[in-house]
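Structural overview for review
Take a look at the letters that make up each chain.
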Amino acid sequence: MTTMIKNPILPGFHPDSSALRVGDDYYIANSTFEWWPGIDIYHSKDLVNWEWVASPVNRESQVDLKGNYDSGSLWAPHLSYADGRFWLVYTDVKTYAPFKDTLNYVITAPSITGPWSEPHFLTASGFDPAIFHDDDGRKWFLNMLYDYRPGHAMFAGTVIQEFDPESMTLIGERKHFYKGTKLGVCEGPQILKKDGYYYLLCAAGGTGYMHAATVARARSLEGPFEDSPYTPLMTTRDEPGNPLQKSGHCCFLQIGDEWYVTQICGRPLTERGNCTLGRETAIQKIYWTEDGWPRLINDTISPDLEVPAPKIARNVVQNMDHSERVEFELDGVAQANAPLTSVTDPAIPPSLKTLRTALTAEEHYSLTARPGWLRLYGAQSLRSQHLQTLFARRWEAYDFDVETVLDFDPANYQQMAGLILYYDTQNWIYAYVSFDSEGSDKRIIQVLRCDHERLEYGSEAIALEDGPVRIKVEVRHDKANFFYAQGENMHADNAPWKAVGGAQPADHISDDYVESQIMGCAFTGAMVGICAQDMDAHLSHADFQYLDYREK
């Protein structure tokens, strides 16, 4: 019996997949935007199950994201391998419009886990970079070209320029070599050389419901490139009922004599509605026609929710549950005397990310001040695009529970800590503990929502007893409900949970909802985490015992 791969293979906020084969190992690199460390890379032996192996952009000397706008920063990486090295190109997007400051860099490493080099700046002409290693030894840099001029298409097609691996610079003339198809918005160019042809795979139609993937080919890099008669290769733009909406941005991947493409997709809660899990990575099997063009194995342009696994994975079981409990123990990692200021702390699991920069041990957080607890030192607000004391992980299922235990003694209303559903600095839902200076003169727990900078309460303030408080959020599709428990029995399986307000709009934590409010583009993805703020003297701290994420 044929083993089937269930899509997506990387659920929740895993966009812009760049796939790579090196021997019997397979890798996927994904965008991380403003989340730190940057660019997540996953590894597989069978294309079925994938495990995180690296976040190569993990030093501030490689990129400075502080102050970057929401949904900017690290876009669409491209991973390749040649000359005994891994190559990674990525874009740091600094500004939105009308100009777009898109700083493209390249780094290399002898192993996928590093050490990854310092960056080499290449160009700022556009985004979605890639490096093509030709079989004659020459290397070529590709990216989409951005055009700010009034009356011109901002997505001005794709350009190519030779890349010198010795000087790590672009040389020769930049050439405009492909303008795209009638689907518009040509981006994400990457090249496969096969059977004497250069196959150019591009994303088209934008990143929303009109997204698609196209293929063209030429006998030389000079072109001209001929569009496939089976254009597009993939899309759901005219198929609103397909469960894998927003399909496009593909990447070729060969395994033995079989071929696949990775893709991005979104799974809306309702038809063409909000995708709380953001843009995810899926995979489709393809074949090559007699006239040398790639097609989906189903002979359509529609991606499938399930696809045949490669022959080597006939008996492999796919792991579909990404539940995780993080206990804040050092586990013998001697980090206390050597705080890490620019890389991920080895005592913090890679599933937990920070915003725009690393947090410094013993300055922004501590695992030693109270052993068995993570202490967060309150500092800048949730609106800050520079430094927030926050750790968060992806939503990877429609339905899940997250809980933590918080011990926090705020002195005023400007000191806050708690459990948050987070999209970006302007869109979040926060169950926080603070101090009520106008009523009870006690600690309180309350839900606060930010909806495109509009603050409103999602519950009444509830006075707390002394001592730690257990906080939980239950997310069920488009709704989220917060609860708290205190006292001797709060750790029991049948803890005396009390509601904090009613149902909150979980579907607002999505690209689609945020875009509808800002009338622009939003790309990041839904996260859930723990955080602390001190908008007074930056002197308070909050202790968290664990962070438990359970899919339902």
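Residues numbered from 1 in each chain as written. Predicted model: local features only at pLDDT ≥ 70, side-chain atom pairs only at ≥ 80, totals over all residues. Heavy atoms only, no water.

- Going by the annotation in an unreviewed UniProt entry, the name recorded for the protein chain is Xylan 1,4-beta-xylosidase, with Bifidobacterium scardovii given as the source organism.
- UniProt's Sequence similarities (unreviewed entry) comment on the protein chain is quoted here verbatim: "Belongs to the glycosyl hydrolase 43 family." (UniProt positions renumbered as here; feature names shortened; annotations may be inferred.)

**Digging into the sheet that holds strand β12 (residues 139–146)**
- The sheet built from 4 strands is open, its strands ordered β11-β12-β13-β14 with antiparallel pairing. One side of each edge strand has no neighbouring strand; the edge strands of this open sheet are β11 (130–133) and β14 (169–178). Shown here is a sheet whose adjacent strand axes are inclined to one another by a mean of 30 degrees, direction ignored.
- When strand β13 (residues 155–164) meets β14, the two strands line up antiparallel, connected through 6 bridges. Residue pairing across strands places Val159 opposite His176, the latter belonging to β14. (Pairing = 2+ DSSP bridges. Helix = DSSP H or I, 4+ residues; strand = E, 2+ residues; numbered from the N terminus. Axes fitted to C-alpha atoms, helices over the stretch in contact; angles between N-to-C directions.)

**Structural notes on the UniProt feature "domain: Beta-xylosidase C-terminal Concanavalin A-like" (unreviewed entry) in the protein chain**
- Per the UniProt record, "domain: Beta-xylosidase C-terminal Concanavalin A-like" (unreviewed entry) is found at residues 353–550.
- The span residues 353–550 is 4% helix and 50% strand, and its two end C-alpha atoms sit 18 Å from each other.

**Things to note about the nonpolar core**
- Formed by 50 residues in total, the largest nonpolar core has its most connected members in Phe328, Leu374, Phe391, Trp395, Leu406, Leu421 and Ile530.
- Every residue in contact with Trp395, bar those within four places of it in the chain, is listed here: Gly12, Thr276, Leu277, Phe400, Leu421, Val475, Ala506, Ile509, Ala526, Met527, Val528 and Tyr549. (Core = buried A, V, L, I, M, F, W, Y, C linked by side-chain atoms within 4.5 Å. Buried < 20%, exposed > 50% of the residue type's maximum accessible area, 1.4 Å probe, protein only. Contact = heavy atoms within 4.5 Å.)

**With respect to the environment of Ala156**
- Tracing the backbone through its elements, the reader meets Ala156 in strand β13.
- For Ala156, a relative accessible area of 16% puts it in the buried group.
- Distance from Ala156 to Lys179, taken between C-alpha atoms, is 6.6 Å for residues 23 residues apart in sequence.
- Each residue touching Ala156, except ones within four places of it in the same chain, is listed here: Leu145, Asp147 and His176.

**Structural notes on the domain arrangement of the protein chain**
- Domain boundaries assigned for the protein chain yield domain 1 (4–313) and domain 2 (324–551).
- Sorting the residues of domain 1 by area buried against domain 2 places Trp35, Trp36 and Asp70 first, and these three jointly supply 21% of that buried surface.
- For the interface between domain 1 and domain 2, the tally reads 4 salt bridges.
- Among the ionic pairs, Asp40 bridges to Arg394, the shortest N-O distance being 2.6 Å.
- Contributing elements (two or more residues each) for the side of domain 1 that touches domain 2: β4 (35–36) and β5 (40–44).
- Residues belonging to the side of domain 1 that touches domain 2 are distributed by class as follows: 17 nonpolar, 13 polar and 9 charged. (Domains from an automatic or database assignment. Buried area = accessible area lost by both parts, 1.4 Å probe. Salt bridge = Lys/Arg side-chain N within 4 Å of Asp/Glu carboxyl O. Nonpolar A, V, L, I, M, F, W, Y, C, P; charged D, E, K, R; others polar.)

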